[in-house]
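Listed below are the residues making up each chain.
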Protein chains: 2
Amino acid sequence: MYQTIIPLSGPKLRLVEAAEKLFADQGFDSVSVRDITKEANANVAAVNYHFGSRDGLVSAVMLRYVNPVHQERCARLEAVEKKWAPKAPPVEEVMEAYVSPLVTQVRKSEMSEKLFCKLLGRILSEQGGALHPEVQLQFLNGVERFLKTLAKSLSALPYEDLVWRFHFISGAMIHMMTHGETLQAMTKGANGVTAIDTTIARFLRFATIALSDGVEGVEIPPAPKTPQATFSF
Amino acid sequence: MYQTIIPLSGPKLRLVEAAEKLFADQGFDSVSVRDITKEANANVAAVNYHFGSRDGLVSAVMLRYVNPVHQERCARLEAVEKKWAPKAPPVEEVMEAYVSPLVTQVRKSEMSEKLFCKLLGRILSEQGGALHPEVQLQFLNGVERFLKTLAKSLSALPYEDLVWRFHFISGAMIHMMTHGETLQAMTKGANGVTAIDTTIARFLRFATIALSDGVEGVEIPPAPKTPQATFSF
DNA sequence: GTCTATAAAGTGATAGAC
DNA sequence: GTCTATCACTTTATAGAC
C-alpha cells in the first residue's frame, strides 16, 4: 500500500544494517567506519567503495526510513482529508496520520522496535545543530502540510499557538522514541497488546489534548480508562 | 535565596566559559580540547592541568548549571507543598516549581538565554545513551520528588499514566530548550515581554493541560487568550 | 602556572595488488 | 569487488623546559 523500504543488494545491505544498529545505539557521531565494517564483517574500504564516503552511508541510513515514513504520512493525511471533505478533519485523526506510520514502518523493517525508534529519534534530533539536508527538506515539508491541515481543524486557534504546541509535541515524540526503552519495558505485558501500540495510543491522546486546549468548537472524546490500542493501523 | 553558581577563579573560569559556549553550539562530542583552549586564549595543556582531563571539564560544565537548577527546584517544590499543606498543591504550581528555575538561573548566569537553554537541553538529552553519572543522579532524584508530589495532586490518575505523561512533557521541555531558537525568534517582540517568559508560560500551560487530562476532581483555569507571563519568577 | 614538543592512538580516505 | 598498506590528519594526554 505504501512505499516499502528501498531494497539493497548483498554487501551494501550488510553495511547499512550494521550501521543502523550502531547508529541507533551510539549516535551518528560516535561510530567510526572501522566499527561499521567490523560489525558487518566487511573490509575497511568497503564503505568508501559502496557509498563514496562515511557521510554517504549516513545519508543512506537516514533516508531508508525517513523516506517511507514521510510518504506514508502524506498518503494518510490525504486520505483523512478526503474522508471529511469539505469539513476539516478532527485533530485526533490528523495526528494519527502523523504518528501511525512509525508503527507500520517498524513492522515492515527487520529491526527491533527499540532500535528502529531510537534510530528515527536520533535522525530527527541530531544535535550537530542542523539535520541532514535531505532529511530536513522532507521533514519540514511534512510538518508544513500537517500544520496547514491542523490550522483548519483548529481554526479558532491562533496559528502562532498552533506552531508552539506542535513544537512541544514534536519534542515529546522524539523523546519517546529515543528514550522510550525504560518506560516501554514498564508497560509491556500489562495486557496482550504489544508495547508500542499502547505507547502510541498514549501519545496520540496526549497530542490531541494538548492541541485542542481551549479551542472553541472542538470536542474531544473522553479519556479512556487506561490507554489501549483501540485504533487499528 | 537559592544556591548561586559555583564561582571559579581566572583561567579555570575562562576555560569553562569557552567550553560552555562551544558545547552549547555544537554538542559535547564535537568539540575538541584544542577548540576550547583556542577559544579561551589558553594553552592546549591548560585543560588537562586544571581539570585533569577533557571529561573533567565536561563534568564541571554540566554541574555548574544542573546543580543550581536542581537545588532551586527542590526548594520551590517544598515551598509549594508547605503553602498548600495538608492539601495537595495544584498541578500548575508544581510544574511551575519545576520549570521556573530555568528562567531564574539563566538570569543569574552571564550566558545569553539562547546559549543557556541549548546547553541545558544538551546536558539532559545527551545522546551517547547515558547521561553523565553525576547529572543523572541529581536529575532522576529530582524527577522522583516531583512525580511523588504530582501523584498526590492527581490522585485519581494511575501512576503509570502519570509517569508517561511526565515523560512526554520532559521531551517537550528538552526540545524547547535545544531547538527553541527558531520559534523563539518568531514570538520575540510581540509585546514588551522577553521571549523566554512567554515561552515558559506557554509550556507551563501545555504541561498542566496534558497532566490533568481526564482526571476527576482537578479543575484547570481557562486558557489565557494569548499566553502571557502572568506569573512572576 | 605556562608553554613546547611529542607520544600513542584513532580518524576517513585511497592507491594499487589480487 | 575485495583486500592490504599507507597517507595525512586529528584526537587526548603528558613529560620536561622555562
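The structure this text deals with has already been given above.
Regarding the side chain of Arg165 of chain B
Next, step 1: Mapped onto the elements of the fold, Arg165 of chain B is located in helix α8 (residues 159-187).
Next, step 2: Dropping the residues within four chain positions of it, Arg165 of chain B is found in contact with Phe206 of chain A together with Leu157, Ala210, Leu211, Ser212, Asp213 and Val215 of chain B.

Here we look at the environment of Trp84 of chain B
Next, step 1: Residue position: Trp84 of chain B is located in helix α4 (residues 54-84).
Next, step 2: Residue Trp84 of chain B is classed as partly exposed on the basis of its relative accessible area, which comes to 26%.

What to know about the relation of the copies chain A and chain B
Next, step 1: Placing chain A over chain B gives an RMSD of 0.1 Å and needs a rotation angle of 180°, together with 0.0 Å of translation along the axis. The transformation relating the two chain copies, once decomposed into turn and shift, fits a two-fold axis.
Next, step 2: A high fraction, 100%, of the interface residues of chain A reappear at the interface in chain B, so the copies pair face to face through one surface.

A few points about the interface of chain A and chain B
Next, step 1: Tallying the contact residues gives 39 residues for chain A and 41 residues for chain B.
Next, step 2: Interface of chain A and chain B: buried area, both sides summed, is about 3,600 Å²; carbon and sulfur atoms make up 65% of it.
Next, step 3: Among the residues of chain A in contact with chain B, Trp164, Phe168 and Phe206 of chain A are the three that bury the most area, contributing 20% of the side total.
Next, step 4: The interface formed by chain A and chain B contains 6 salt bridges.
Next, step 5: With a closest N to O distance of 2.8 Å, Asp213 of chain B and Arg205 of chain A form a salt bridge.
Next, step 6: The interface formed by chain A and chain B includes 8 residue pairs in polar contact (both at pLDDT 80 or more).

Brief notes about the protein's contact with DNA strand D
Next, step 1: Taken together, 14 residues sit near DNA strand D, with Asn43 and His50 of chain A together with Val33, Arg34 and Arg54 of chain B positioned nearest.
Next, step 2: Looking at DNA strand D alone, sugar and phosphate atoms form 55% of those within 4 Å of the protein.
Next, step 3: At a separation of 3.3 Å, a phosphate oxygen of DNA strand D approaches a polar side-chain atom of Asn43 of chain A.
Next, step 4: His50 of chain A is positioned such that a nitrogen or oxygen atom in its side chain is 3.1 Å from a phosphate oxygen of DNA strand D.
Next, step 5: Listing elements by their share of the surface near DNA strand D, those giving two or more residues are α3 (46-51) of chain A together with α2 (33-39) of chain B.

Some points on the protein's contact with DNA strand C
Next, step 1: Ser32, Val33, Arg34, Ala45, Asn48, Ser53 and Arg54 of chain A together with Asn43, Val44, Ala45, Tyr49 and His50 of chain B make up every residue found near DNA strand C.
Next, step 2: Of what DNA strand C places within 4 Å of the protein, 55% of the atoms are sugar or phosphate.
Next, step 3: Here Arg34 of chain A contributes a side-chain N or O atom positioned 2.8 Å from a base nitrogen of DNA strand C.
Next, step 4: Between DNA strand C and Arg54 of chain A, the relevant distance is 2.8 Å, taken from a phosphate oxygen to a main-chain nitrogen or oxygen of the residue.
Next, step 5: Taken together, the elements giving at least two residues each to the surface near DNA strand C come down to α2 (33-39) of chain A together with α3 (46-51) of chain B.
Next, step 6: Across the surface near DNA strand C, the residue classes tally to 5 nonpolar, 5 polar and 2 charged.

Re the nonpolar core
Next, step 1: Counting residues in each nonpolar core, the largest one holds 140 residues, and the members touching the most others are Met95 and Phe203 of chain A together with Met95 and Phe203 of chain B.
Next, step 2: The element contributing the most residues to this core is α8 of chain B, with 12 residues.
Next, step 3: The contact partners of Phe203 of chain A, leaving out residues within four places of it in the chain, are Val99, Ile169, Ala172, Met173 and Met176 of chain A together with Phe168 of chain B.

Observations concerning the packing of aromatic side chains
All names here are of chain A.
Next, step 1: Evaluated as defined, the whole model comprises 17 aromatic pairs over all chains.
Next, step 2: Aromatic side chains Trp164 and Phe168 sit 5.8 Å apart centroid to centroid with 45° between the ring planes, which places their arrangement in the tilted category. Of this pair, Trp164 and Phe168 both sit in helix α8 (residues 159-179), separated by 4 residues, roughly a single helical turn.
Next, step 3: Judged by its relative accessible area of 1%, Trp164 is buried.

Scoring rules and cut-offs
- Residues numbered from 1 in each chain as written.
- Chains lettered and ligands numbered in written order.
- Predicted model: local features only at pLDDT ≥ 70, side-chain atom pairs only at ≥ 80, totals over all residues.
- Heavy atoms only, no water.
- Helix = DSSP H or I, 4+ residues; strand = E, 2+ residues; numbered from the N terminus.
- Contact = heavy atoms within 4.5 Å.
- Buried < 20%, exposed > 50% of the residue type's maximum accessible area, 1.4 Å probe, protein only.
- Least-squares fit on C-alpha atoms with pLDDT ≥ 70 in both.
- Buried area = accessible area lost by both parts, 1.4 Å probe.
- Salt bridge = Lys/Arg side-chain N within 4 Å of Asp/Glu carboxyl O.
- Polar contact = N/O pair within 3.5 Å; in protein donor to acceptor, adjacent residues only side chain to side chain.
- Near = heavy atom within 4 Å.
- Nonpolar A, V, L, I, M, F, W, Y, C, P; charged D, E, K, R; others polar.
- Core = buried A, V, L, I, M, F, W, Y, C linked by side-chain atoms within 4.5 Å.
- Phe/Tyr/Trp six-rings, centres within 6.5 Å; stacked < 30°, edge-to-face > 60°.

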